[in-house]
Amino acid sequence: MPRYASIWFPYLLTEYAARKSPQLRETAFVMASPQRGRMVIDAVSAMAAQKDIRPGMVLADCKAIFPELEVIKSEPGQAEKLLNALAEWCIGYTPLAAIDLPDGLILDSSGCAHLWGGEIQYLESIRSRLNAYGYTVKTAIADTIGAAWAAARYGNLETVQPGMQREAIKGLPPAALRLEPEVLAKLKKLGLQRIESFMDMPRTALRRRFGPSLSLRLGQALGHEIEMIVPIKPVEPYQERLCSMEPIATAVGITIALKQLLESLCNRFEAEGLGLRSGIFRAYRVDGDIQQIEIGTSQSSRNETHLFKLFEHKIATLEPALGFEMFVLEAPKTEPVTEEQSAIWTASGQNDKKVAELLDRVAVKTGTHNIMRYLPAEHYWPEHSIKQAVPLWEKPTTAWRTDWPRPIYLLEKPEAVEVTAVLPDYPPMLFRYKGKLYTIAKSDGPERIEQEWWLADGLYRDYYCVEDESGARYWLFRSGPYDAGQPKWFIHGFFA
Amino acid sequence: MQAEEKRITAKALQAKINAMQGLGKLSGEPAALGLAPFTDAFPGRVFPTGVIHEFISYEPADAASTSGFMTALTGKFIKDGGLCLWVGNGRKVFPAALKHFGLQPDRIVFINATKFKDALWIIEEALKCEALTAVISETRELGFTESRRFQLAVERSGVTGFVHRFCPRTENATACTARWKITPLPSAIDDGLPGVGHSSWNVELLKVKNGRPVSWQVSFSGGSFHERRERQITIPSNHQRNAV
């Protein structure tokens, strides 16, 4: 006999929002989205519900009655995403879990509840754990999905005994049958306030009067009609594990284990057309200690030797002590491997791959933030005239400019220098930088570079390229005009 | 007659040995063009690529000149679509300036290695990667053992390595093919025009395997090296003339 559990989240979206930002927990707030040119409430928090605010009301009306009401913009499709995640979590309770839009889950609990010591304990366990996450839930178990749904939302029975669904739904309002609003309105008009007042009417009469849905829903609740659920399919994690007969304490042993795991994982990637972007290799020690090493790649890869090389340098950091008894290799981040990726450079694809693999190995040592490639940016301001290529293989869209001299070393921040200059607009004659005096023999300039007003405010810079007596060249600039008091001078770079 | 034959055989063998040591090229392989003033100092009159060149500098201005010179050299022998790695230690190279020295800045991947040991490891791995044209690296120290490892790596891969040592504690012996020191020179301007001229360097080749140490005074303009033969003419500076 199948048994179904229905879980109802009366405040699903608002409780999720409160979970993300706990300061919302004690406030009355609603989630609203624009519909037909006005903001309509989609979800209300428990506190707001106490003020008789209901989903479907217009936000402006509610604000007029209750000005302190806080509003969050709701995203379409969020409920489905959330329910999917919750259904995946419920896999711990049943192998077959389905989402029941807009605000519930259906679990096929046949043959599962006894593992928790009975249906009451089963539901209690689900409820208490979800409560701990901050969700208010109502649950019920019945022989049919319809009866469980009705009992969870409208009934006061936790478990409907097998075959007792007729008694359970008898006293409930027609809304408990998952009917369309039109049918509900018709039933109300006819004074049929409870299910018992029409459940024994002839089916043909019901169908003629209210359409096929009422008799179908009634049949589903009572168990005369079959109803199926579409269980979610959780994504199998990219994980491989290897248990060893004897504890492994040598680097050679770990290497063999890692190679085996990589081989099976890469075979799976090959079949699915995916590649690894980040990987974690965990080693479980005999004494219960878990150690792990992590790697990342710049392009998705399923090349065993390459991935092994990335791990190789870190194997030495594992401390086997008495030995490892189990190894787990996991790929938390995967991406499809595309042919396009291999042709990043104009040179042959083989070369690109070699360089990409070299950079991956370097990234293991230094971290990806220490590997950079630059592209020209269309700005005159020197600090903004280059930008980092993201991703690393981005192609330049504009050409590099060579019309003005630029220093080969650019100081990250211009450093203040003391300068002797002939007023008002001549280049400096002397400057003192880090306590050393430089006498300027030749100079070029000024090259005035203005701040880009749409990006930043500030003074313009007058750049001079100066050469001292030994021939060394520097890039100096004066910040702002002379007439605003004493202008400051800075050194910004060294020419080759 | 026999002596003549022997001489030719010896010459051919020497060329072969040079090629195996990374010096010079076997006939048939094209040599890089545009490195004219420097080729004379090297055996076989070929600028050696696929070896390690060491550069030493002490002042920030010298370091800048050295970087410019290394870039200009790389720009001469990099092929279309060639790739370069620049392993730095925190000093900020400004990519936009590299185009002036004939190297496409977006063909360079910059790696910032703050730890000395990491830098050595990265340089060696990079030198082993045949897909690269050149590896420009900045480290302070370079021992004999490390330089030997670099040399062995490039002998197999054919990558050219430039090691720039800024303020080394000692100028110790290394296995590098050549040791250079680049210092800036006052730029020469024709006709006493005001302003700053093209980059000019005093290029000293301090050590070279099987070659002779020389020094040149070169300027870099229009994408090529020009040897300066004339003596430096002192011209009155901008200020002096303005002051008069």
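Counting starts from 1 at the beginning of each chain's written sequence and moves along it residue by residue. All chains are assigned letters beginning at A, and all ligands numbers beginning at 1, according to the order in which they are written. With the structure being a predicted model, the display of local features is reserved for residues of pLDDT at least 70 and the display and counting of side-chain atom pairs for 80 or more, all residues being used for whole-chain, interface and lining totals. Side-chain calculation: all heavy atoms of the structure are included, whereas hydrogens and water are not.

Trainee: How do you make sense of a positive patch on the surface when you look at a structure like this?
Mentor: Residues and elements named next belong to chain A. To count toward a patch, a residue needs a relative accessible area over 30% and no salt bridge; like charges are then connected within 9 Å, while nonpolar side chains (Val, Leu, Ile, Met, Phe, Trp, Tyr) are connected within 5 Å. The protein chains shown are the only cover counted for residues, whose accessible areas, like all others here, come from Shrake-Rupley with a 1.4 Å probe. What makes a salt bridge here is a side-chain nitrogen of Lys or Arg within 4 Å of a carboxyl oxygen of Asp or Glu, nothing more. Positive charges come from Lys and Arg, negative ones from Asp and Glu, while His and the chain ends are left out of the count. One atom stands in for each charge, and that atom is NZ of Lys, CZ of Arg, CG of Asp or CD of Glu. Where like charges cluster on the molecular surface, the positive patch consists of K186, K189, R208 and R209. If you list the elements that add at least two residues to the positive patch, you get α8 (181–189) and α10 (203–210). Each helix is a run of H or I in the DSSP string that is no shorter than four residues. Each strand is a run of E no shorter than two, and both are numbered from the N terminus. Here K189 shows up in helix α8.

Trainee: Any chance you could explain the sheet that holds strand β3 (residues 38–44) of chain A here in plain terms?
Mentor: Working definition: the strands of a sheet are paired by backbone hydrogen bonds and lie parallel or antiparallel to each other. All names here are of chain A. For two strands to be treated as a pair, DSSP must find no fewer than two bridges joining them. Read from one edge of the open sheet, 3 strands run β3-β2-β4, paired in mixed fashion. With one partner strand each, in any of the chains shown, β3 and β4 (70–73) form the two edges of the open sheet. Neighbour-to-neighbour, the strand axes of the sheet open up by a mean angle of 45°, direction not taken into account. As paired elements, strand β2 (residues 29–35) and β3 share 6 bridges and run antiparallel to each other. For Q35, the partnering residue across the bridge sits in β3 and is R38. Here helix α1 (residues 12–20) sits on the sheet in contact with β2, β3 and β4, set at roughly 115° to β2. Orientation is described by lines fitted to C-alpha atoms, with helices fitted over the stretch in contact, and by angles between N-to-C directions that extend from 0 to 180 degrees. Contact definition: two residues touch when any of their heavy atoms are within 4.5 Å.

Trainee: I'm lost on the pairing of strand β7 (residues 138–142) of chain A in this one. Help?
Mentor: Two faces make up the sheet, and in a regular strand the side chains alternate between them. All names here are of chain A. Note on exposure labels: buried denotes an accessible area under 20% of the residue type's maximum, exposed denotes more than 50%, and partly exposed covers the range between, all computed with a 1.4 Å probe on protein chains only. Of all 5 residues in β7, 4 are buried; the element is thus mostly enclosed. Note that strand β1 (residues 4–8) and β7 share 5 bridges and pair antiparallel. Paired with A5 across the two strands is I141, which belongs to β7.

Trainee: Can you help me understand the interface of chain A and chain B in this one?
Mentor: One frequent convention defines the size of an interface as the accessible area lost when the parts assemble. Opposite the 55 residues of chain A that make contact, chain B presents 62 residues. When the two sides are added together, the surface that chain A and chain B hide from each other amounts to roughly 4,800 Å², 64% of it contributed by carbon and sulfur. Of all residues in chain A, W400(A), I408(A) and Y409(A) bury the most surface against chain B, accounting for 16% of the area lost on that side. Between chain A and chain B we count 3 salt bridges in total. K354(A) serves as the salt-bridge partner of E130(B), at 3.2 Å between the closest nitrogen and oxygen. Here a polar contact is recorded for every N or O atom pair within 3.5 Å, except that within protein the pair must consist of a potential hydrogen donor and a potential acceptor, and residues adjacent in sequence are included only if both atoms are side-chain atoms. Our count for the chain A to chain B interface comes out at 17 residue pairs in polar contact (both at pLDDT 80 or more). For the side of chain A that touches chain B, the elements supplying multiple residues, two or more each, are α15 (349–366), β12 (371–372), β13 (374–376), β15 (409–421), β16 (428–433), β17 (436–449), β18 (461–468) and β19 (473–479) of chain A. The element best represented in the side of chain A that touches chain B is α15(A), accounting for 9 residues. Looking at chain direction, β12(A) and strand β3 (residues 108–112) of chain B are connected through 2 bridges and run antiparallel. Counted as the bridge partner of I371(A) is I111(B) from β3(B). In this description, buried area is defined as the sum, over both parts, of the accessible area (probe of 1.4 Å) that is lost when the two are combined.

Trainee: Just to check I follow, could you spell out helix α12 (residues 251–272) of chain A for this structure?
Mentor: Note: α-helices contain 3.6 residues per turn, so residues at a spacing of three or four share the same orientation. All names here are of chain A. For α12, with 22 residues, the first-to-last C-alpha span of 31 Å sits near the 32 Å given by 1.5 Å per residue. Buried residues of α12: G253, I254, T255, A257, L258, L261, L262, L265, C266, R268 and F269, and no others. Structurally, α12 contributes buried residues whose contacts are with β8 (239–248), β9 (274–285), α13 (304–312) and β11 (324–336). Just past α12, the residue G273 takes up positive phi, approximately 70°. A helix is expected to span 1.5 Å multiplied by its residue count minus one.

Trainee: Explain the nonpolar core to me, please; I cannot follow it from the model alone.
Mentor: Generally speaking, nonpolar side chains in soluble globular proteins are found buried as a group. The nonpolar core is taken to be a set of buried Ala, Val, Leu, Ile, Met, Phe, Trp, Tyr and Cys residues, with the residues joined through side-chain atoms within 4.5 Å. Counting residues in each nonpolar core, the largest one holds 72 residues, and the members touching the most others are F431(A), Y474(A), F38(B), F69(B), W180(B), W201(B) and F225(B). By residue number, the principal contributor to this core is helix α3 (residues 60–77) of chain B, which donates 8 residues. Not counting residues within four places of it along the chain, the set of residues in contact with F38(B) comprises F47(B), F69(B), L73(B), W180(B), V203(B), W216(B), V218(B) and F225(B). Among the nonpolar cores identified, the runner-up in size contains 33 residues, and I52(B), I122(B), V163(B) and C176(B) belong to it.

Trainee: Sorry if this is basic, but what is going on with the packing of α1(A) against helix α4 (residues 78–89) of chain A here?
Mentor: The angle between the axes and the distance between the axes are what describe a pair of packed helices. Residue and element names in this part refer to chain A. Between α1 and α4, the least distance of the axes is 10 Å, while the angle of their chain directions is 75°. Classified by the angle between their axes, α1 and α4 sit roughly perpendicular to one another. Where α1 abuts α4, its residues L12, L13 and Y16 lie against Q78, A79, L82, L83 and L86. Orientation labels follow simple angle bins: below 35 degrees gives roughly parallel, above 145 gives roughly antiparallel, 65 to 115 gives roughly perpendicular, and whatever is left gives oblique.

Trainee: Looking at this structure, I do not really get the pattern of salt bridges. What am I missing?
Mentor: Pairing between side chains of opposite charge can happen when the charged atoms of each approach one another. Tallying each qualifying case throughout the model produces 34 salt bridges over all chains. The residue R285(A) makes a salt bridge to D289(A) at a minimum N-O spacing of 3.8 Å. One salt bridge in this structure joins E171(B) and K181(B), with 3.5 Å as the shortest N-O distance. Of the two residues, E171(B) is situated in the loop between β5 (160–166) and β6 (178–184) and K181(B) in strand β6; the sequence distance between them amounts to 10 residues. Exposure remark for E171(B): the relative accessible area of 34% places this residue in the partly exposed category. Salt bridges sharing partners connect three or more residues here, namely E54(B), R140(B), E141(B), R165(B), R169(B) and R179(B).

Trainee: What is the right way to look at a nonpolar patch on the surface in this model?
Mentor: All names here are of chain A. Taken together, the side chains of V422, Y426 and M429 define a hydrophobic patch exposed on the protein surface, amounting to about 230 Å² of accessible area. Tracing the sequence through the fold places M429 in strand β16. Under the relative-accessibility criterion, M429 is labelled partly exposed at 33%.

In short, geometric facts, not functional conclusions.
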